[in-house]
Amino acid sequence: MRKNVFLLMILFTVQFAQAQEMELNNIYFGYSFGSSFSKYNNDMGGNTFTVLGPIHIGLGFGLFRQERWSGAIDISYAKASYDGNVVGFYEMSEYDLFTKLNYHWYMSEKIDGYSGAGVGGYLFRYYDNFSSKNENKVGFQLNVLGCRFLINNTFGLYSEVGFGRQGNFTIGMFLNSR
């Protein structure tokens with residue numbers, strides 16, 4: 001059932017992209033803080049504990065022949081592992097595929113303010129000394145405040161503040177394709 005939901009979301013994304021008047025606007029790369037993996041990043045008494053991500057890469061599109069609306073297809077990866085004397089070893093990883101819809105409420109030559117939401121699926125993997133499991137789930141993301149700053153005609157920086165599967169604070173860079 002979970003695989004079917006995940007496959008339906010991918011199909012929806014592709015069909016949505018084909019049905020709309022879309023133009024590729026940018027390619028972006030970012031790193032999130034405050035995700036579900038961040039809660040594991042604490043002092044473990046000198047044991048080895050590492051957290052990576054989520055790391056995002058995505059494609060941004062203009063939608064509906066309107067400059068105020070944009071969509072994105074976002075892929076992200078996160079990993080956490082622990083190697084300690086007391087508990088033993090475990091590792092978790094997560095692969096996300098999200099579709100996002102943003103409304104750009106402020107636009108100037110260099111600054112773009114926006115808010116948006118996303119829905120997607122993720123594959124969660126866990127294994128330790130004794131067991132392992134894989135789960136497919138659906139997740140949501142709400143970006144309350146996003147801001148992009150264009151440094152030159154093709155390169156810029158962005159940040160987003162929100163909550164959900166993909167983190168509370170994201171920073172990154174983007175390349176414009178137009």
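Everything that follows concerns the structure shown earlier in this document.
Remember, it's a predicted structure, so these values are computed and weren't measured experimentally.

About the thresholds
What you see as residue numbers is a count from 1 along each chain, following the sequence as written. With pLDDT at 70 or above as the cut-off, local features in this predicted model cover only qualifying residues; side-chain atom pairs require 80 or more to be listed or tallied, and sums for whole chains, interfaces and linings still use all residues. Calculated side-chain values reflect all of the structure's heavy atoms, with hydrogen atoms and water omitted. Put simply, DSSP marks the helices as runs of H or I at least four residues long and the strands as runs of E at least two long, and each gets a number from the N terminus on. When checking whether two residues touch, look at their non-hydrogen atoms; a contact exists if any pair is within 4.5 Å. Note on areas: Shrake-Rupley, 1.4 Å probe, and residue coverage restricted to the protein chains presented here. One speaks of a salt bridge when a side-chain nitrogen belonging to Lys or Arg is within 4 Å of a carboxyl oxygen belonging to Asp or Glu. Only Phe, Tyr and Trp rings are paired, with Trp represented by its six-membered ring, and only when their centres lie within 6.5 Å; those with planes under 30 degrees apart are stacked, over 60 edge-to-face, the remainder tilted. Accessibility here uses a 1.4 Å probe with only protein chains present; expressed as a share of the type maximum, an area under 20% marks a residue as buried, one over 50% as exposed, and anything in between as partly exposed. Residues belong to one nonpolar core when they are buried, are Ala, Val, Leu, Ile, Met, Phe, Trp, Tyr or Cys, and are joined through side-chain atoms within 4.5 Å.

**Student:** Pulling in residues and values, what's your account of the overall build of the protein?
**Tutor:** Across its full length, the protein holds one helix and eight strands. Listing each helix as α and each strand as β along the protein from the N terminus yields α-β-β-β-β-β-β-β-β. Within the protein, contacts between residues separated by at least 24 positions form 58% of all contacts whose residues are at least 6 apart in sequence. Here the protein displays about 10,300 Å² of accessible surface, and carbon together with sulfur accounts for 61% of that area.

**Student:** Could you give an account of the pattern of salt bridges, with specific residues and numbers?
**Tutor:** Counted under the stated rule, the structure contains six salt bridges. In this structure, R148 engages D112 in a salt bridge whose closest nitrogen and oxygen atoms are separated by 2.8 Å. On the criterion of sequence distance, the pair formed by R148 in strand β6 (residues 132-150) and D112 in strand β5 (residues 111-128) is long-range, its members being 36 residues apart. Here the salt bridges share partners, and the residues they tie into one network are D74, K100 and E160.

**Student:** An account of the packing of aromatic side chains is needed here, citing residue identities and associated values.
**Tutor:** Under the defined criterion, the tally for this structure stands at five aromatic pairs. Where Y28 meets Y158, the ring centres are 5.8 Å apart and the plane angle is 80°; that geometry is what we call edge-to-face. Taken together, the residues Y28 in strand β1 (residues 23-33) and Y158 in strand β7 (residues 155-164) connect sequence positions 130 residues apart. Using a relative accessible area of 10% as the deciding quantity, one classes Y28 as buried. Here Y158 falls in the buried class, since its relative accessible area comes to 8%. Residues Y77 and Y95 carry aromatic rings whose centres are separated by 5.1 Å and whose planes lie at 45° to one another, so their mutual orientation is tilted. A residue pair is termed long-range when its members are at least 10 positions apart, and Y77 in strand β3 (residues 66-83) and Y95 in strand β4 (residues 89-107) qualify at 18 residues. Look at Y77 and you get partly exposed, because its relative accessible area is 26%.

**Student:** Give me the nonpolar core: which residues, what numbers.
**Tutor:** It is characteristic of soluble globular proteins that their nonpolar side chains tend to be buried jointly. Ranked by size, the top nonpolar core spans seven residues in total: A80, Y82, Y90, M92, Y122, F124 and Y126. Counting residues per element, the ones that place at least two in this core are β3, β4 and β5. Element by element, the count of residues in this core is highest for β5, at three residues. The next biggest cluster of nonpolar side chains, apart from the first, holds six residues, and it includes A72, L150, Y158 and F174.

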